[in-house]
Every structure is written in structure tokens, then in C-alpha cells.
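As a plain string of letters, each chain reads:
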Amino acid sequence: MKPVVITLEGGEGSGKSTILDMIRDFLENHDVDFLVTREPGGVPIAEKIRNVILDVNHTEMDARTEALLYAAARRQHLVEKVLPAMDAGKVVVFDRFVDSSLVYQGYCRGIGIDEVYQLNLFATEGFTPDVTLYLDVTPEIGLARVNNGEREVNRLDLENMAFHKKVREGYLMLAERNPNRYKTIDADLSLEEVYQQVLNVLKSTLNL
């Protein structure tokens, strides 16, 4: 199997972590050689940067600082972990990639999507996933899941509702711009229904 790169994107409470675990089980059951990883993080240096970015005490962080930190973590993760996995022929599945920066820092923080794209173009040398699974969740539903304790609260969860609605706007904009790469999943539905949508894309992408 050729090294396919799949990214998962979505707003807070979209269920990415749970779906990622299910994807991992699916790939294992089909004897696929794969790597599942996350951003920011994935390797020790990038994990340390992640801790700085998501620390709830760092509310004063400048938007450009945030964008640069994400790009730095992404670069280290890519060269140290992802590219070697691809060279070994593995399918790589990301929990977030460049699109997150385009939405959160470029669109929502107001830096500009094109400006953040150029920054990440430098960081990744143009590395682009084959398929992006966008888990499209209504912000009210996503934040209710977070507030119900379904996962740990991070700094981005503390933003107001207008911010989270803008996150969704940004992702839908990217989905419209990248119709061949983006596969939009209705993440307001039950976990079983969301996973079935994801499964359909996986089977088609990996010819399973």
C-alpha cells in the first residue's frame, strides 16, 4: 500500500480523539502498516511546544506567536516522525495539521489565511495530505460535550461562542476551497453514525 496521508480536522468537541481511536482499531484489524499522530506534538520537542500553546495560563499569548509556535512544532514533527514513516510505506493519520492553523490563527485570530499558509508552506516545504476528514460539529453541541467532561479542557475551549462559530465558518470555507481533499462528516450525529461516515471514506481511500 502506498503511503497515504489522512488528516482529521474539526472544532472543539467534534469527537476527533474518539474517532481517531476507532480509525486505529480499523487499520489494525485490516493489517495496515500505519502511524497515528497528533499536532501540535507527536515528538518530544513538539510536545513541549504543545504544552506552551495550550496552557490555560497563557491567555496573553500573541496571535503571531501562537502561529509561529504551531509552525515550529509542525516542522519538527514532520521531519522527525512523519516523513520517516512515509518512507517506510506507512499510512499516516494526523489529529490536526496545517488547516487548523489556517482556521484558528489565520481566520479566527485575524492574521490572514494566506499569511499563515505562507508560514506553513515554509515550515512543511509544501507537504499536503491526500484526504482531510473534517468533523463538522455545531459549536453549541461541541462545547456541550466538552463541558460535560468528555475530555480535558484546554485554552481554546475558553474562547467565547462567537470564536467557535468563526472556527466552523473557517473550516467550511476551506472545505469549499478544497473539494477534492476535504470530506465533510456530520459530527452532530451519534458516534456510530459519525464513524460510519468516516469508515466509508477510509475504505474508499485505502481500497479496503
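Residues numbered from 1 in each chain as written. Predicted model: local features only at pLDDT ≥ 70, side-chain atom pairs only at ≥ 80, totals over all residues. Heavy atoms only, no water.

Colleague: Can you walk me through the overall build of the protein chain in this structure?
Modeller: Check the secondary structure of the protein chain and you find eight helices and five strands. Relative to the compact-globule value of 17 Å for 208 residues, the protein chain shows a C-alpha radius of gyration of 16 Å, a close match. C-alpha atoms of the protein chain, sized along the principal axes, occupy 45 × 35 × 30 Å. The proportion of buried residues among the 208 residues of the protein chain is 50%. Taking as baseline every contact in the protein chain between residues at least 6 positions apart, the subset at least 24 positions apart corresponds to 79%. Put simply, the protein chain shows about 9900 Å² of open surface, and 49% of that area lies on carbon and sulfur atoms. Looking at charge distribution, the protein chain has the averaged site of its 23 positive side-chain charges lying 2 Å from that of its 33 negative ones. (Helix = DSSP H or I, 4+ residues; strand = E, 2+ residues; numbered from the N terminus. Rg over C-alpha atoms; globule rule 2.2 N^0.38 Å. Buried < 20%, exposed > 50% of the residue type's maximum accessible area, 1.4 Å probe, protein only. Contact = heavy atoms within 4.5 Å. Areas by Shrake-Rupley, 256 points an atom, 1.4 Å probe, with all protein chains shown as cover. Lys, Arg positive; Asp, Glu negative; His and termini not counted. Charge placed at Lys NZ, Arg CZ, Asp CG, Glu CD.)

Colleague: Sorry, what's going on with unusual backbone geometry here?
Modeller: For the bond from Glu-39 to Pro-40, the omega torsion is -10°, close enough to zero to count as cis. Position of Pro-40 among the secondary structure elements: in the loop between β2 (34–38) and α2 (44–54). With phi around 55°, Glu-125 is a residue other than glycine that occupies positive phi space. Mapped onto the elements of the fold, Glu-125 is located in the loop between α5 (113–124) and β4 (131–136). Of note, the phi angle at Asn-207 is positive, near 55°, even though the residue is not glycine. Note on placement: Asn-207 falls in the segment after α8 (191–206).

Colleague: Just to check I follow, could you spell out the side chain of Thr-7 for this structure?
Modeller: Examined against the element boundaries, Thr-7 turns out to sit in strand β1 (residues 5–10). Take Thr-7: its relative accessible area is 0%, and that puts it in the buried class. Reaching out from Thr-7, the side chain makes a polar contact with the side chain of Thr-132 at a distance of 2.8 Å. For Thr-7, the residues in contact, after removing those within four places along its chain, are Phe-94, Phe-97, Pro-129, Val-131, Thr-132 and Leu-133. (Polar contact = N/O pair within 3.5 Å; in protein donor to acceptor, adjacent residues only side chain to side chain.)

Colleague: Quick question: what am I supposed to make of empty space enclosed by the protein here?
Modeller: A water-sized probe rolled over the atoms picks out the places where empty space is left. Scanning the entire structure with this criterion turns up one cavity of 30 Å³ or more. Here the largest cavity defines a volume of roughly 60 Å³. Surrounding the largest cavity, Gly-11, Glu-12, Tyr-134, Val-137, Pro-139, His-164, Val-167 and Arg-168 form its lining. Tallying contributions element by element places helix α7 (residues 161–177) first for the lining of the largest cavity, with three residues. Within the lining of the largest cavity, the residues separate by chemical class into four nonpolar, two polar and two charged. (1 Å grid on protein atoms, 1.4 Å probe; cavity = no way out; pocket = protein on both sides within 12 Å on 5 of 7 lines; lining within 4 Å. Points joined across faces, edges and corners; volume = space filled by probe spheres on them. Nonpolar A, V, L, I, M, F, W, Y, C, P; charged D, E, K, R; others polar.)

Colleague: When you look at α2 in this model, what are you seeing that I'm missing?
Modeller: Note: α-helices contain 3.6 residues per turn, so residues at a spacing of three or four share the same orientation. Turning to α2, its buried residues are Ala-46, Ile-49, Arg-50, Ile-53 and Leu-54. Projection of α2 onto a plane perpendicular to its axis shows the buried side chains occupying an angular sector of 120°, all on one side. Seen from the buried face of α2, the exposed residues on the opposite side, beyond 90 degrees, are Pro-44, Lys-48 and Asn-51. Contacts from the buried residues of α2 go to β2 and α3 (63–87). (Arc of directions from axis to C-beta.)

Colleague: How should I be thinking about the nonpolar core in this particular structure?
Modeller: Within the largest apolar cluster, 27 residues are counted, with the highest numbers of intra-cluster contacts made by Val-82, Val-92, Phe-94, Val-103, Phe-127, Val-167 and Tyr-171. Broken down by secondary-structure element, the contributors of at least two residues to this core are α3, β3 (91–95), α4 (98–108), α5 and α7. Per-element tally for this core: the top contributor is α3, with six residues. Ile-19, Leu-27, Val-137 and Leu-199 belong to the second-largest nonpolar core, a separate cluster that totals 26 residues. (Core = buried A, V, L, I, M, F, W, Y, C linked by side-chain atoms within 4.5 Å.)

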